[in-house]
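Chain by chain, the residues run as shown.
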Amino acid sequence: TMLRNYERINRNLDKTFQQLSSGKKITSPSDNPVILVQSMGINTDLDQIEQHKKNIISGIDWLESTEAAIAEIGTVLNRVKELVLAGANGTMTNDDREKYAAEIEQLKSHLLQVSETTYGGDYIFSGQRVNQKPFDVTNDPADPYKFLGNEGKINREIGIGTIIDVNVVGKAVFGESDNSIFKFLDDVRDHLTNGNTDMLSGDDLAKIDEFFENVLTIRAQIGARINRLELTQNRLEELEYNYSKLLANTENIDQAEVIMYLKMQESVQRAALAVGSRIIMPTLIDFLT
């Protein structure tokens, strides 16, 4: 009985040593199943928070890349408007208008390049067809700038059951076919080359304002989504701190309490050894040896 009790005392002492060295209340599921279940639940919540934070960062980066590209469109439209206003002036020479027309052609090529902006190797304006460039220049008069993407949304889960789309479909920004900004720039180029001041000062200026208003609307929508993602990110960081604190309170030991318990167990062990030494009395053999 003494040996059995002594073995139990040593097991408890060993368990306390392990708690003190690891800083954790449990080292195996059998130590405390209740604490284990609580710890697993908190760790699951922390893993979800971490994944949602990664999704938010990815979404913000995607939206910021989109916003930068759309801001470039606004810059181009401002320059186009300057050229159209200058070309609509009746005192301009044909040579000057041809120079403006050449610049319009370069601006169109630049916008085509902007439409092919990528994030992480994915085309951001192609919908879910991220491996396909959004527009193709064709020889078809009915569809000179064919949209190759789709209207699919690129989503990010930022909370349990909370989804937000982070992409803008290319044709919502650039238009498509005859209604695209590229076809419009072709028309402006032709009007400059032909000296069509009526179209330049009338429909062309009106369409530029329409395109520019659309750009401002889309930028405002992107800004709103970025703000929402940043607010959600701040909330998740607060949740992560609270869950981490709760996990520490659940798993980690109270060092002072464990040290005190260890000292008590050491005293019990010494007492058990003292009792054992009285139970196993010396025999004549012990004196003979």
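Residues numbered from 1 in each chain as written. Predicted model: local features only at pLDDT ≥ 70, side-chain atom pairs only at ≥ 80, totals over all residues. Heavy atoms only, no water.

**Concerning the packing of aromatic side chains**
According to the stated counting rule, one finds 8 aromatic pairs in the structure shown. For the ring pair Phe125 and Phe174, a centre distance of 5.3 Å and an interplane angle of 90 degrees mean the geometry is edge-to-face. On the criterion of sequence distance, the pair formed by Phe125 in the loop between strand E2 (122-123) and strand E3 (135-137) and Phe174 in helix H4 (residues 170-174) is long-range, its members being 49 residues apart. In terms of burial, Phe125 and Phe174 fall into one category: buried. Taking 5.5 Å as the distance between ring centres and 45 degrees as the angle between the ring planes, the aromatic pair formed by Phe184 and Phe211 counts as tilted. With Phe184 in helix H5 (residues 181-194) and Phe211 in helix H6 (residues 197-251), this residue pair connects regions lying 27 residues apart in the sequence. Taking relative accessible area as the criterion, Phe211 reaches 14% and is therefore assigned buried. (Phe/Tyr/Trp six-rings, centres within 6.5 Å; stacked < 30°, edge-to-face > 60°. Helix = DSSP H or I, 4+ residues; strand = E, 2+ residues; numbered from the N terminus. Buried < 20%, exposed > 50% of the residue type's maximum accessible area, 1.4 Å probe, protein only.)

**A short note on the side chain of Asp143**
For Asp143, the position within the fold is in the loop between E3 and strand E4 (145-147). Contact partners of Asp143, with chain neighbours within four places excluded, come to Thr138 and Ser177. (Contact = heavy atoms within 4.5 Å.)

**Comments concerning the nonpolar core**
Residues Ile73 and Phe174 are the most contacted members of the largest nonpolar core, which totals 49 residues. Among the elements of the structure, helix H2 (33-87), helix H3 (94-115), E4, H4, H5 and H6 are those that each provide at least two residues to this core. Broken down by element, the residue count for this core peaks at 13 residues, all from H2. Those residues in contact with Phe174 that lie beyond four places of it in its chain are Ile73, Leu111, Val114, Ser115, Phe125, Phe135, Asn179, Ser180, Ile181 and Phe182. (Core = buried A, V, L, I, M, F, W, Y, C linked by side-chain atoms within 4.5 Å.)

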